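Chain and residue survey
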Amino acid sequence: MLIKKPHRWQLPERAVTSKADFLNRRQIMATVGALGLAGLAGCGAAEESVAQAGTGRPLSGALPFRATDYQVADESTPYEAVTGYNNFYEFGVGKDDPARYASAMTTDPWSIEIEGHATRTGRFALEDVVDFSALEERIYRLRCVEAWSMVIPWIGIPLGAVLRQFEPTSDARYVQFITYQDAGEMRGTRSAVLDWPYKEGLRMDEAMNELAFLAVGLYGEVLPNQNGAPIRLVVPWKYGYKSIKSIVKIRFVSDEPETSWKRSAPREYGFYSNVNPNRAHPRWSQASERVIGAGPFARRETEMFNGYGPEVAGLYAGMDLIENH
Ligand SMILES: Nc1nc2c(c(=O)[nH]1)N[C@H]1C(S)=C(S)[C@@H](COP(=O)(O)O)O[C@H]1N2
Ligand SMILES: [Mo]
């Protein structure tokens, strides 16, 4: 028998910040305007959207979406910081390089190649992978391995729902993701900072976890290029580098796939990369983090699994998370 218990996000004592508290008025009005709505009825407004009817997708501006209970109590990081302080090494290693140079990336048309242990494989247009009339908002913490953090209101779709469409077989124990690569458009890839293209991966049960998400937008609008347009992974209980940007290939594989940061420095960056305040990076502590956009001295204690333990700790039952870092 299926016992349906309310999940943590629905508990009444979990104060939910209203959207108006963190979306600035300009963005709210842009969303309302684009949806042609007379009034703003919370974020549920997007439910009566603008049917994209499986054809095309907005290339800029507002996206239709519905609100969810996946929120955190803390205020969202200001839009300017979310889109101006980035890691996207394909455009340079400076925090402002992505905002400066990522507009050179072509994001339309965009297709994703599906390979490996699945019934449906081949090349699919982004619009056939993601139903742009079924988007939802999730406000997640993002914790970079460099010991800084943000809170970002993403728009997207659960990863599990997307992967299931391709009917992975029982041999699919892991899934690998690969970023777009174009030396002309991505000036950073002319230096061998990493072994391009950028690669990431998850164990299949991690990928199917309810929290794993594919984002196509943030702050109610189409994802800016510097944040990984047109589609990027968001895995909120892992260090930020697992959340691979601008995905062009998804491979269902049976063995642990190669991942860029582990390949570059395995002692520092593991496959699992779960946020863990108890395991210091070999060169710095992970016990606390700098809160971006909240003033020069704002810090918070880092939480195990970035605060998402109730949802994900079970995935690692019996594992030594220091050794399997
Ligand atoms: N392809 C690609 N994906 C990437 C990165 C990158 O350099 N290249 N940086 C990662 C790191 S280290 C972080 S912290 C997050 C940052 O995401 P944001 O810029 O949207 O906040 O993206 C991750 N995804
Ligand atoms: Mo990061």
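We now turn to the structure provided with this report. (Residues numbered from 1 in each chain as written. Chains lettered and ligands numbered in written order. Predicted model: local features only at pLDDT ≥ 70, side-chain atom pairs only at ≥ 80, totals over all residues. Heavy atoms only, no water.)

Topic: the environment of S273
In this fold, S273 is placed in the loop between helix 8 (260-264) and strand 11 (288-291). Separated by 2.8 Å, the side chain of S273 and the backbone oxygen of G270 make a polar contact. (Helix = DSSP H or I, 4+ residues; strand = E, 2+ residues; numbered from the N terminus. Polar contact = N/O pair within 3.5 Å; in protein donor to acceptor, adjacent residues only side chain to side chain.)

Concerning the sheet that holds strand 5 (residues 174-179)
Judged by pairing direction, the sheet is mixed, and its five strands sit side by side in the order 2-1-10-5-6 without closing on themselves. Since the sheet does not close on itself, it has two edges, and those belong to strand 2 (122-125) and strand 6 (199-203), each with one partner. Here the average twist between neighbouring strands, direction ignored, is 20°. (Pairing = 2+ DSSP bridges. Axes fitted to C-alpha atoms, helices over the stretch in contact; angles between N-to-C directions.)

Concerning the side chain of R232
When you line up the elements, R232 lands in strand 9 (residues 232-234). Reaching out from R232, the side chain makes a polar contact with the backbone oxygen of N227 at a distance of 2.7 Å. Reaching out from R232, the side chain makes a polar contact with the backbone oxygen of S243 at a distance of 3.2 Å. Residues within four places of R232 in sequence aside, it is in contact with W154, F213, L214, A215, L223, N227, S243, I244, K245, S246 and I247. (Contact = heavy atoms within 4.5 Å.)

Focus: the pairing of strand 5
Burial runs high along strand 5: six of the six residues are buried. Side chains Y174, Q176 and I178 of strand 5 all project onto a buried face; the interleaved residues V175, F177 and T179 project onto the opposite face, where all are buried too. Bridge count for strand 5 against strand 6 is five bridges, and the pairing is antiparallel. Bridging from a neighbouring strand, F177 pairs with E200 of strand 6. Note: strand 5 against strand 10 (residues 247-253), six bridges, orientation antiparallel. (Buried < 20%, exposed > 50% of the residue type's maximum accessible area, 1.4 Å probe, protein only.)

Points about the site of ligand 1
Lining the immediate environment of ligand 1, one finds 18 residues, of which N86, Y89, E90, R232 and K245 sit closest. Between ligand 1 and the protein, one listed contact pairs a nitrogen atom with a backbone N or O atom of N87 at 3.2 Å. Between ligand 1 and the protein, one listed contact pairs a nitrogen atom with a backbone N or O atom of S243 at 2.9 Å. Considered on its own, ligand 1 offers 540 Å² of accessible surface; in the complex 98% of this is hidden by protein. Elements with a minimum of two residues in the shell around ligand 1: strand 3 (136-144) and strand 4 (148-158). (Near = heavy atom within 4 Å. Areas by Shrake-Rupley, 256 points an atom, 1.4 Å probe, with all protein chains shown as cover.)

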